[in-house]
Amino acid sequence: MKFYSLNNQNIQATFKEAVIAGIAPDKGLYFPESIIPLPADFFENIEKLSNHEIAFQAIHQFVSEDIPDEALKDIIANTLDFDFPVVEIEENVATLELFHGPTMAFKDVGARFMANCLGYFSQGEKQDVTVLVATSGDTGGAVANGFLGVDGVKVVILYPSGKVSEIQEKQLTTLGLNIEAMEVDGVFDDCQRMVKTAFLDTEITDHKKLTSANSINVARWLPQLFYFLFAYKQAKPKGKEIVFSVPSGNFGNICAGMVAQKLGMPVKHFVASTNVNDVVPKFMESGVYEPMPSVATISNAMDVGDPSNFVRIRHLYQDDLETLQKSLSSYSFTDENTKAIMKEVYSKTGYVMDPHGAVGYLGLKEYQKSNPNTFGIFLETAHPVKFLDVVQDTLEISPKIPPQIMKVMDKEKKSYKISSYEELKQFLLDD
Ligand SMILES: N[C@@H](CCOP(=O)(O)O)C(=O)O
């Protein structure tokens, strides 16, 4: 299987090359040259398969030329050692809880899968790889945890100062070893821009192997399709068609779900639910894609003003708006909407949603207004305690802090403050 650049399909790479480079030499995102549907009996008998077997069969076609089956099984076993429960919270509405991993966010899956692949590819390599990653909240912690101590790999995480939660900041600034954090005076888009500029900077790339652990990297992005399949396996839709509502920031997660659909998973529709960073909802109405500076919200991991992966979604639907509208709807919600629904759902059902999950719930309910005969699954992308202040203030409860989080709470934050690309460049050149 080859991966081509979305800027120029003649530029191609193997999975290994695409993972190590992060993005194509023309700065396009890599995309698989084909997505071959899985056999129908895979879906008919999915309940009999373990999560590891599902993941293996789903990812095999994309990676098998570079990773032998036994190594792939190990990578999957190292990645998926926690649960992905589907919890029905009201009639025809369930949530897929993606927060049972080590950093309590959905990013654990992609980060661990990629770290394991890079660890596998780096065996016997002389030159270290430097992984650059921009985070608006959850990616940073997951990448720090997933790559901690991986031989031959150094990680530099850029995050917007003052715009991630206290727990998210602890997760990405306290681990040490091969993980360094850069606290950027700016917003997430500034971090993402600095990372992309570094990839273009030959003064750096002449000396260093750089790659990305954001979802632009195929090894971070593609494994996110696993848990859509795990949700399908568990869902009890009672004859209704399934709709997924995905809280969306950089749009890698929902795009991976759409790949699962292309693999044959029966899904009626996807809903991309956003906060007020609403470039995609606007595009879905007007067909005009207009990036904007990101706005800080209580669902901070989705504070993205120019989502990297939307180009992959457009490509999946031949860049045709009408075709895309048949498969995807997109709605945006304010912080006030988000807090109000967190309260309402908590008082009606006792279920505690985090602000991102709450946006997903709102999007699902909006879609179901005109499509009532559907079974909806919204993704709970992070554990509510990661947004302790918001949850405490909104619901007036004090959730118990799980051990994964307690572990980092007392550790000392260590970060380098930077305010320009030049400072990042100097840091990388000195390192
Ligand atoms: N939501 C993100 C922003 C980066 O997204 P990614 O999936 O491309 O890494 C975050 O939590 O940092």
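Residues numbered from 1 in each chain as written. Predicted model: local features only at pLDDT ≥ 70, side-chain atom pairs only at ≥ 80, totals over all residues.

Brief notes about the overall build of the protein chain
Each helix and strand counted, the protein chain has 20 helices and 14 strands in total. Against the globule reference of 22 Å for 431 residues, the protein chain gives a C-alpha radius of gyration of 20 Å, in line with a compact fold. Each principal axis of the C-alpha atoms in the protein chain carries an extent, and together these give about 55 × 50 × 45 Å. Every one of the 431 residues in the protein chain was classed for burial, and the buried ones make up 51%. (Helix = DSSP H or I, 4+ residues; strand = E, 2+ residues; numbered from the N terminus. Rg over C-alpha atoms; globule rule 2.2 N^0.38 Å. Buried ≥ 20, exposed ≤ 12 C-beta atoms within 10 Å, placed from the backbone.)

A word on the sheet that holds strand S12 (residues 328–332)
Spatial ordering of the open sheet is given by S4-S5-S13-S10-S11-S12, a layout of six strands whose pairing is mixed. Two strands in the sheet have a free side with no partner beyond their single neighbour: strand S4 (86–90) and S12. When the angles between neighbouring strand axes are averaged without regard to direction, this sheet yields 25 degrees. Judged from the five bridges that link them, strand S10 (residues 241–247) and strand S11 (residues 269–274) form a sheet pairing that is parallel. Bridging from a neighbouring strand, proline 247 pairs with serine 273 of S11. Relative to the sheet, helix H17 (residues 355–370) contacts strand S5 (93–97), S10, S11, S12 and strand S13 (374–380), its axis offset from that of S10 by approximately 140 degrees. (Pairing = 2+ DSSP bridges. Axes fitted to C-alpha atoms, helices over the stretch in contact; angles between N-to-C directions. Contact = placed C-beta atoms within 7 Å.)

Some words on the sheet that holds strand S3 (residues 30–32)
The three strands are arranged S2-S1-S3 in an open sheet whose pairing can be described as antiparallel. In the strand order of this sheet, the two ends are held by strand S2 (12–13) and S3, each with one partner.

So, the site of the ligand
The environment of the ligand is formed by 14 residues, the closest being Thr135, Thr139, Ser215, Asn250 and Ala301. For the shell around the ligand, the element with the highest residue contribution is helix H6 (residues 138–147), accounting for three residues. Classifying every residue of the shell around the ligand gives two nonpolar, eleven polar and one charged. (Near = placed C-beta within 6 Å. Nonpolar A, V, L, I, M, F, W, Y, C, P; charged D, E, K, R; others polar.)

Points about helix H13 (residues 279–286)
Of all the residues in H13, the buried ones are Val279, Val280 and Pro281. Packing partners of the buried residues in H13 comprise S11, helix H14 (310–316) and S12. Glycine 287 lies just past H13 and shows a positive phi near 80 degrees.

Quick notes on the nonpolar core
Of all hydrophobic cores here, the largest spans 127 residues; its most connected members are Val19, Val155, Ile157 and Leu229. Element by element, the count of residues in this core is highest for helix H5 (residues 107–122), at eight residues. Look past the residues within four positions of isoleucine 157 in its chain and what remains in contact with it is Val133, Thr135, Gly140, Val143, Ala144, Leu172, Ile179, Ala181 and Met182. (Core = buried A, V, L, I, M, F, W, Y, C linked by C-beta atoms within 7 Å.)

Some remarks on the UniProt feature "domain: Tryptophan synthase beta chain-like PALP" (unreviewed entry) in the protein chain
On the UniProt side, "domain: Tryptophan synthase beta chain-like PALP" (unreviewed entry) is annotated at positions that read residues 96–368 here. Taken as a whole, residues 96–368 contains 46% helix and 16% strand, while its terminal C-alpha atoms sit 17 Å from one another. (UniProt positions renumbered as here; feature names shortened; annotations may be inferred.)

Quick notes on the pairing of S12
With four of its five residues buried, S12 lies for the most part within the structure. By the bridge criterion, five bridges tie S11 to S12 in an arrangement that is parallel. Among the inter-strand pairings, valine 271 is bridged to a residue of S12, identified as serine 329.

Side note on the confidence of the model for the protein chain
Caution applies to low-pLDDT parts of the model: their predicted coordinates are not meant to be read in detail. The predicted model of the protein chain averages 96 in pLDDT, with 100% of residues at 70 or higher. As scored by the predictor, the complex reaches a pTM of 0.97 and an ipTM of 0.98. (pLDDT = per-residue confidence, 0-100.)

Considering the packing of H6 against helix H7 (residues 166–173)
Closest axis-to-axis distance for the H6/H7 pair is 8 Å, and the angle between their directions is 30 degrees. In terms of axis orientation, H6 runs roughly parallel to H7. In the packing of H6 onto H7, the handedness of the crossing is left-handed. Residue-level inspection shows Asp138, Gly140, Gly141 and Ala144 of H6 in contact with H7, the latter providing Gln168, Gln171 and Leu172. Its residues assigned to classes, the contact of H6 with H7 comprises two nonpolar, four polar and one charged. (Parallel < 35°, antiparallel > 145°, perpendicular 65-115°, else oblique. Left-handed = near helix turned anticlockwise from the far one by under 90°.)

Considering the UniProt feature "domain: Threonine synthase N-terminal" (unreviewed entry) in the protein chain
Taking the numbering used here, the UniProt-annotated feature "domain: Threonine synthase N-terminal" (unreviewed entry) corresponds to residues 2–79. Across residues 2–79, helical content stands at 46% and strand content at 10%; the span's end C-alpha atoms are separated by 24 Å.

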